Amino acid sequence: MDQRAGAEHYAEIAAAYDGHWVYGAEYVPWMSARIAEALDLSATDRIADIGGGTGLFAREVARIVRPERPILCVDPSEAMLRQIPAPDRSGSPLSESLTPVLASAEDIADARTVLPYPELDAVWLKESVHHVTDPGATLRGLAQRLAPQGRLLVVMLPATIQYPLFRAALDRFEELQPDPADIEAHLERAGLRTRLFHVEHELRIDRAKYLAMVRGRYMSLLSTFDDREIEEGIEEIRATHPEPVLVFPDRFAFVLGVREGGTR
Ligand SMILES: C[S@@+](CC[C@H](N)C(=O)[O-])C[C@H]1O[C@@H](n2cnc3c(N)ncnc32)[C@H](O)[C@@H]1O
């Protein structure tokens, strides 16, 4: 998907984005805990979530880590960032724990956008790396923003998925999705010590709810299909998945890179 189409897609779905995850109350805490664990986060880390969208996962990571300085939630979509709750007046430290930054991964990589922290101890990109036009150059630039012993984590879907989507959507996913092994190679070339592993979570979703998510184009991939194709796809899902609750594995590749030097 080109960058403009991507921006339009997120402008349209921003308000409903967090609701898409309501189906699995445990999913967001589970994923956020995996991110905090993989990055070995501590309260003193200077942290950024690149392509952080509505801050859904950054908020939960903040709940786990209780960072001393706000997590930077970086995203080029104003509509997505607007969903981050404004700091309240309750004095709750969590309400202050995210700082939205309107910028793309490329802006941070090229230092076109100056961040409040001169270096970052931990950075993650969750399901946003496929939006980056030149992942090699951008990941190299992001690696350069890391402090010694800084960690960069790319969370992405694997090259193939077992979602109960229609055939044409699964095929298009495989055409468009970057390969985690290539992302690992980019991080290695950027001078990081790397590791690629997978985490998996079982999803159970009412079929009616899932079909509504498909109609709402909950994955950016689905915005490459027009209304008629989506409705035909929904009919195909109905036929191939008559069961009232859809059960399928949600598997993610975690590509971790650590910058050498210094001590923690
Ligand atoms: C699938 S959403 C994921 C949001 C969030 N990371 C999450 O997991 O809920 C992809 C996000 O990437 C953002 N995005 C699009 N192009 C980007 C770019 N060039 N750099 C960084 N983020 C980008 C979109 O605006 C959107 O918020």
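Relevant structure appears above.
So, here is what we can say about the structure in this document.

What counts and how
- Residues numbered from 1 in each chain as written.
- Predicted model: local features only at pLDDT ≥ 70, side-chain atom pairs only at ≥ 80, totals over all residues.
- Helix = DSSP H or I, 4+ residues; strand = E, 2+ residues; numbered from the N terminus.
- Buried ≥ 20, exposed ≤ 12 C-beta atoms within 10 Å, placed from the backbone.
- Axes fitted to C-alpha atoms, helices over the stretch in contact; angles between N-to-C directions.
- Parallel < 35°, antiparallel > 145°, perpendicular 65-115°, else oblique.
- Left-handed = near helix turned anticlockwise from the far one by under 90°.
- Contact = placed C-beta atoms within 7 Å.
- Nonpolar A, V, L, I, M, F, W, Y, C, P; charged D, E, K, R; others polar.
- Pairing = 2+ DSSP bridges.
- Expected span 1.5 Å × (residues − 1).
- Arc of directions from axis to C-beta.

Description of the overall build of the protein
Here's step 1: What the protein contains, in helices and strands, is 10 helices and 7 strands.
Here's step 2: Per-residue burial for the protein yields a buried fraction of 36% across its 264 residues.

A closer look at the packing of helix 2 (residues 27–38) against helix 3 (residues 56–65)
Here's step 1: Running from amino to carboxyl end, helix 2 crosses helix 3 at an angle of 65°, the nearest separation of the two axes being 9 Å. The angle between the axes of helix 2 and helix 3 places the two elements in the roughly perpendicular class. Relative to helix 3, the crossing made by helix 2 is right-handed. In this structure, helix 2 contributes Val28, Pro29, Met31, Ser32, Ala33, Ile35 and Ala36 to the contact, and helix 3 contributes Leu56, Phe57, Glu60, Val61, Ile64 and Val65.
Here's step 2: Of the residues belonging to the contact of helix 2 with helix 3, the class tally is 11 nonpolar, 1 polar and 1 charged.

Considerations on the sheet that holds strand 6 (residues 192–206)
Whether parallel or antiparallel, the strands of a sheet pair through hydrogen bonds between backbone atoms.
Here's step 1: Spatially, the 7 strands line up as an open sheet ordered 3-2-1-4-5-7-6, and their pairing is mixed. Each edge of the open sheet carries a strand with a single partner, namely strand 3 (98–102) and strand 6. Pairwise comparison of adjacent strand axes, ignoring direction, gives a mean angle of 20° for this sheet.
Here's step 2: The pairing of strand 6 with strand 7 (residues 245–259) spans 15 bridges and is classified as antiparallel. Paired with Thr194 across the two strands is Gly257, which belongs to strand 7.
Here's step 3: Strands strand 1 (47–50), strand 2 (71–75), strand 3 and strand 4 (120–126) of the sheet are contacted by helix 3, whose axis makes an angle of about 175° with strand 2.
Here's step 4: The sheet strands contacting helix 6 (residues 135–144) are strand 1, strand 4, strand 5 (146–156), strand 6 and strand 7, and the helix crosses strand 5 at an angle near 145°.

Here's the deal with helix 2
Here's step 1: Compared with the 16 Å implied by 1.5 Å per residue over 12 residues, the 16 Å span of helix 2 between its first and last C-alpha is a close match.
Here's step 2: Looking only at helix 2, the buried set comprises Met31, Ser32, Ile35 and Ala36. All buried residues of helix 2 fall inside an arc of 140° around its axis, so they share one side.
Here's step 3: Residues of helix 2 that are buried in the fold lie against helix 3, strand 4 and strand 5.
Here's step 4: Phi for Asp40, located one or two positions after helix 2, is positive at around 50°.

Structural measurements only, silent on function.
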